[in-house]
Amino acid sequence: MVDEELKATFAEDVVRLRRAGLFPVVVHGGGPQISRMLDRLDLEVRFEAGLRVTTPDVMDVVRMVLTGRVQRELVGLINAHGPLAVGMSGEDAHTMTAVRRAAWVDGEPVDIGLVGDIVDVDADTIRALLDRGRIPVVSPVARGADGQVYNINADLAASALAVALDAEKLLMLTDVEGVYANWPHSTDVIERLTAEGVEKLMPELSSGMLPKMEGCLRAVRAGVRTAHVLDGRVPHSVLRGVAPAEVHGTTVVPDPRETDPERTGPDRTGPDRTYRETKDPRQAHPGRTDQKASTA
């Protein structure tokens, strides 16, 4: 998130959720900030299948920017409304344990360096903070059993944490309106997808949407009731994401045990996806957001 007004609105929304009796947990990214710092240091910025290629030098920058800058700014914005936010990373108290992962490009594994996948979550520290009325703000960096520190995609970290906390909802904020049916040619957003629908769609997705859909798929298959990909450029998108009548973007749900008659209809609706017409996906909007929130 780089737009100052959107940052402030995001923090306000998270505080409102907590004061309404919900238990938000924020897992933040920091892609634009990391890339800018890498450019300043003349280090390569490269992605494979939506994941940042992370050399040891890049890992140092990732750790510094996420935990030392982005996290501290979010904590400060939330705490402007009261002593609520506590910053931490997946390393703290061994909250997240990771193993090295590859990216898959055209069906082949590609080495992307010190990028990890979460294999275990110890949520006790986060639960303790929630019990004390706090709002955990988590940087997606985790240590492996081998002692190596890994860069974790924030969407996948949020998904793993949502599962461990038995969260009701997983919200992912991004800089598009949702999952497009046929980007960049279509003006239709896929409003609703089942887990099976996501699985079928994965080969068609742009690289930036791949980790988000992978995270949503993992979450709903492991017990999270709904996952939402929301347009973070829209003010108060977090509040809209928890209000059933206001949800926008793309919602991912578990596979139904039997066909839901409410999800069928002429032309625009199928058994595993529902479409919504929207404006041209290539139209620019100010600001960008990379925050993720899971509400337990």
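Residues numbered from 1 in each chain as written. Predicted model: local features only at pLDDT ≥ 70, side-chain atom pairs only at ≥ 80, totals over all residues. Heavy atoms only, no water.

**Some thoughts on the overall build of the protein**
When helices and strands are tallied, the protein shows eight helices and 18 strands. Sorting the 296 residues of the protein into buried and exposed places 53% on the buried side. Considering only contacts in the protein between residues 6 or more positions apart, those separated by 24 or more positions represent 74%. Accessible surface, the protein as shown: approximately 13400 Å² in total, 48% of it carbon and sulfur. (Helix = DSSP H or I, 4+ residues; strand = E, 2+ residues; numbered from the N terminus. Buried < 20%, exposed > 50% of the residue type's maximum accessible area, 1.4 Å probe, protein only. Contact = heavy atoms within 4.5 Å. Areas by Shrake-Rupley, 256 points an atom, 1.4 Å probe, with all protein chains shown as cover.)

**Side note on the sheet that holds strand 11 (residues 149-152)**
With respect to topology, four strands assemble into a closed barrel ordered 5-8-11-10, the strand pairing being mixed. Direction aside, neighbouring strands of the sheet carry axes that sit 60° apart on average. Pairing between strand 10 (residues 141-144) and strand 11: three bridges, direction antiparallel. Following the sheet pairing, A142 is matched in strand 11 by Y150. Helix 3 (residues 56-79) contacts strand 10 and strand 11 of the sheet and is inclined by roughly 65° relative to strand 11. (Pairing = 2+ DSSP bridges. Axes fitted to C-alpha atoms, helices over the stretch in contact; angles between N-to-C directions.)

**Some words on the nonpolar core**
Ranked by internal contacts, the top residues of the largest apolar core, which has 55 residues, are I126, V138, L161, L170, M213 and V252. If you tally residues by element for this core, the top one is helix 3, at seven residues. Dropping the residues within four chain positions of it, I126 is found in contact with V25, M88, T95, P136, V138, L161 and L165. Residues L17, V75, A85 and I135 belong to the second largest nonpolar core, which totals 18 residues. (Core = buried A, V, L, I, M, F, W, Y, C linked by side-chain atoms within 4.5 Å.)

**What about the packing of helix 5 (residues 154-164) against helix 7 (residues 210-221)?**
Between two packed helices, what matters for the description is the angle formed by their axes and the separation of those axes. Direction vectors running N to C along helix 5 and helix 7 enclose 10°, while the axes themselves pass 8 Å from each other. Relative to helix 7, the element helix 5 lies roughly parallel. Residues D155, L156, S159 and V163 of helix 5 lie in contact with helix 7, whose contacting residues are P211, K212, E214, G215, R218 and A219. Its residues assigned to classes, the contact of helix 5 with helix 7 shows four nonpolar, two polar and four charged. (Parallel < 35°, antiparallel > 145°, perpendicular 65-115°, else oblique. Nonpolar A, V, L, I, M, F, W, Y, C, P; charged D, E, K, R; others polar.)

**Observations concerning the pairing of strand 10**
Inspection of the sheet shows strand 5 (residues 96-100) paired to strand 10 by two bridges, in the parallel sense. Within strand 10, the residue paired with T97 across the bridge is R143. Where strand 10 folds back on strand 11, the antiparallel hairpin that results is connected by four residues, among which G147 adopts a positive phi of roughly 90°.

**Regarding the confidence of the model for the protein**
Scored by pLDDT, the protein has a mean of 87; 84% of the residues are at 70 or more. Scored below 50 in pLDDT, residues 279-291 shows 44 contacts in the model against residues more than four places distant or in partner chains. (pLDDT = per-residue confidence, 0-100.)

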